Amino acid sequence: MSKAGRSGYLSGSEPPSGRAVAAPARLIGLNAALDAMSEGFALFDDADRLVVHNRRLEELFPYLGNMQGLTFAEIAAHEMASVPQNALGEIDERQAVLAERLQRHDLADGEPFDVPLAGGGYARVRERRTREGWIVSTWTDISQHKLAERKLLEAIGGISEGFLLLDPGERVLLFNERMAQIFGRAGVSFEAGRRLPDLLRQAAQKGLFAEPINDPEHLIAFMGARLGEAEDRRFEIPLRNGDWMLVSHHRMADGNTVGIWTDVTAQKKRETELVLLRSQLEQQSEALAEFARLIARQARSDLLTGLPNRFALEERLDGVLRDGQTWRIWVGFIDIDHFKGVNDALGHAAADDLLRDVAHFLRGLLRADDMLARVGGDEFAVLLTELDESEALRIMRRINAAAHGHIFVGGGQSFSLTLSIGLVHASPGSHSVSSLLATSDTACRVAKEAGRDRVQLYDLSDPRVHVTQQRMSWAERVRLALEHDRFELHLQAIVDAERSVLGYEALLRMRDENGVYCSPAHFLPAARRLGLMGRIDLWVCRQAIAVATQLLARDRQQYVSVNIGAGTLADPAFQRNFVGMLDMTAGIEHALRVEITETEEIDDLQHTVAFLDVLRQRGLKLYLDDFGHGYNSFEALKQLPVDGIKIDWTVTRDMMDDPINEALIKAAIFISQSLGLELVAEGVEREAQLDKLRSLGAVIYQGFLFHRPEAARRALAGAG
């Protein structure tokens, strides 16, 4: 197209009216200025004919040829026909776009709008009408902007949250599909160009939001107040269907606002109870303060007796020790003698009454500044200050003596009780809070083991104190071994007359903090005293079942035999857990056996026998362990349903020199043969013992002669 064609009568061509118009130098300069513009430029006269345009407009619409003198309607029609079909869709859609394009041109209000180009790009058009009725039009190529916008839309379309971009006037510039879905629930079409307040008002009218913000004007005021508070705003909006949206708006430096709408329904449901509690506490500030005071008291108080608890005692004792006046500090440890029997006979409710009465009794015998705390089930501790040894002993002995003449009450019944008391002095620089309580407990244990009902002063030169301290030290090692997984399962083979391995006995071993194995004779009594055997037995059962699973997989008809104390077998919690373990592995009963130990601890024979019957019905074989050790082996054999007996290793060890032990083995073999029970002789260490057992009729053996216990993994590897 020629320059004259581009610039119309401003370049010397004939104007529409036929008048000759000169082209002075200033007009030539104007043409050059227009051609230098980066935007396309067009000028339409009052008859809507193109009279002026620049080179950039030709570059944007190269397919239109000579546009000079054409009306806008003619140009727009050519423009729509030249745009690729995929940019505008079907014919009906093209007609709609053309109609809108003509309407926007006729309006010429200066508002920008975007139109597609034939080359696949986009131009942003601004048109404004002059006072003479002419229209000035500028066209800016925004193809790169549109490409970036499309990539942005693809990115935000992939996120699960609702996204929107608002201009400074709160008009929607961009949004994703999730945002449209949120408003689409109420039938609201979320569209670019609409103001967010108008969209919110329409959504509220159609019931998208829950009360009280379902009122349109209330919602606009609610959000408007928050959207104007700061550059970053976050608030929650409830929807009528029960969902919750977290609205987060951020105003950017250019005045635009980015909004993220996140569905927080799941979080809100989890928080409901806490929110309700918080609301109640906010409404009742005094109740909140009282609640806080109550929590503080409970943290340091024993709920049963109202006395300070162990935590409060340790806190007070720590403060006293930090003051440095240790030579005047004493700690007493008080234990109620035979309280377990009272508790078992009366039940927990009556025993609790009795403990409250004991607490009241003890408090009445102490000075106002002395601290009495309940530190265990039937255990109390006393902190005495500003006393020498004779004064501290006098107070403890007075308490011990006063109990003799006092009638205690629990559950409406009267009782006479005695107290065992340990007393320790805080030596300068040698005692911490925990060591003081531990040593006072040790002294109390010495008092109980010496016959109960007495006061024992902690003195390391006393052999009884030393022995008790060693025993309690083992108790602490057991606790640490459980916490740090220092237990191991070892196996010892059980063989027949041909020395073929029939199975294994599972044996528990414990390593100390230095990795050294500890004797079961040391740590098992401590575990029983601490009441930890239930946890230990469950650990052993889990490990033994793992071994039994491996034996089943090898299909050698071998088994592993696990020791469980009678007290543990009577525990309902253990019964549930053990049966649950068996249920998890089908057929495990064929490779697992139970040896019943510590039969002297059976308190509820009927309950224990019922559980043993359950195990036998599942196919599990039971053995009476330690037969011949103690006085109740034959009585236990009469009472318990078992499939076999195991001769205690001490009986086997001594049978060569002790005719009584030999007679006991003969009797056990005769009984087992008569009742069809399997008999295993433990502790076989010498060939002479084996020959003797064979001559007596024993055919299954266990002992160092055949296999020394070793770690389960190593034992199974060697047998594989």
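## A look at the sheet that holds strand β13 (residues 379–385)
Argument step 1. If you walk across this open sheet you meet the five strands as β12-β13-β11-β16-β17, and the pairing is mixed. The outermost strands of the open sheet, each flanked by one partner alone, are β12 (371–374) and β17 (455–457). Recorded for the sheet is a direction-independent mean angle of 20° between the axes of neighbouring strands.
Argument step 2. Note that β12 and β13 share four bridges and pair antiparallel. Paired with Ala-373 across the strands is Ala-381, a residue of β13.
Argument step 3. With respect to the sheet, helix α16 (residues 389–404) is in contact with β11 (329–336), β13, β16 (419–425) and β17, its orientation differing from that of β16 by roughly 170°.

## Concerning the pairing of strand β7 (residues 172–175)
Put simply, side chains in a regular strand alternate between the two faces of the sheet.
Argument step 1. The pairing of strand β6 (residues 162–166) with β7 spans three bridges and is classified as antiparallel. Within β7, the position partnered with Leu-166 by the bridge is Val-172.
Argument step 2. Adjacent in sequence and paired antiparallel, β6 and β7 are bridged by five residues, among which Glu-170 carries a positive phi angle near 70°.

## Quick look at the nonpolar core
Argument step 1. Ranked by internal contacts, the top residues of the largest apolar core, which has 77 residues, are Phe-487, Phe-578 and Leu-592.
Argument step 2. Take this core: its biggest share by element is eleven residues, from helix α20 (residues 533–554).
Argument step 3. Leu-307, Ile-336, Ala-392 and Leu-417 belong to the second-largest nonpolar core, a separate cluster that totals 34 residues.

## A word on the environment of Val-579
Argument step 1. Within the element layout of this structure, Val-579 appears in helix α22 (residues 572–584).
Argument step 2. Residues Val-579 and Leu-615, spaced 36 residues apart in sequence, show a C-alpha to C-alpha distance of 8.4 Å.
Argument step 3. Aside from chain neighbours lying at most four places away, what touches Val-579 is Phe-611 and Arg-618.

## A short note on the confidence of the model for the protein chain
Argument step 1. A residue-level look at the protein chain finds 84% of positions with pLDDT of 70 or above and a mean pLDDT of 83.
Argument step 2. Averaged over each element, pLDDT in the protein chain is lowest for helix α1 (residues 3–7) (48) and highest for strand β26 (residues 701–702) (96).
Argument step 3. Low pLDDT (under 50) marks residues 1–5, which in the prediction has 14 contacts with non-local residues, meaning those over four places away or in another chain.

## Comments concerning empty space enclosed by the protein
Argument step 1. Inspection of the entire model under this criterion finds one cavity of 30 Å³ or more.
Argument step 2. There is about 80 Å³ of room inside the largest cavity.
Argument step 3. If you trace the largest cavity, you find eleven residues lining it, with Leu-57, Phe-61, Met-67, Ile-75 and Trp-139 closest to the centre.
Argument step 4. Counting residues per element, the ones that place at least two in the lining of the largest cavity are β1 (40–44) and α4 (72–82).
Argument step 5. No other element matches the three residues that α4 contributes to the lining of the largest cavity.

## Remarks on the side chain of Lys-146
Argument step 1. Take Lys-146: it is sitting in helix α7 (residues 143–157).
Argument step 2. Here Asp-114 takes part through its side chain, which lies 3.2 Å from a polar atom of the side chain of Lys-146.
Argument step 3. With sequence-adjacent residues up to four places away left out, Lys-146 is seen in contact with Asp-114 and Tyr-122.

## Overview of the pairing of strand β23 (residues 621–627)
Argument step 1. Summarising burial for β23: five of the seven residues are buried, a large majority.
Argument step 2. As a crossover connection, the stretch from strand β22 (residues 592–597) through helix α23 (residues 605–617) into β23 is right-handed.

Cut-offs and rules
- Residues numbered from 1 in each chain as written.
- Predicted model: local features only at pLDDT ≥ 70, side-chain atom pairs only at ≥ 80, totals over all residues.
- Heavy atoms only, no water.
- Pairing = 2+ DSSP bridges.
- Helix = DSSP H or I, 4+ residues; strand = E, 2+ residues; numbered from the N terminus.
- Axes fitted to C-alpha atoms, helices over the stretch in contact; angles between N-to-C directions.
- Contact = heavy atoms within 4.5 Å.
- Core = buried A, V, L, I, M, F, W, Y, C linked by side-chain atoms within 4.5 Å.
- Buried < 20%, exposed > 50% of the residue type's maximum accessible area, 1.4 Å probe, protein only.
- pLDDT = per-residue confidence, 0-100.
- 1 Å grid on protein atoms, 1.4 Å probe; cavity = no way out; pocket = protein on both sides within 12 Å on 5 of 7 lines; lining within 4 Å.
- Points joined across faces, edges and corners; volume = space filled by probe spheres on them.
- Polar contact = N/O pair within 3.5 Å; in protein donor to acceptor, adjacent residues only side chain to side chain.
- Right-handed = clockwise from strand over helix to strand, strands pointing away.

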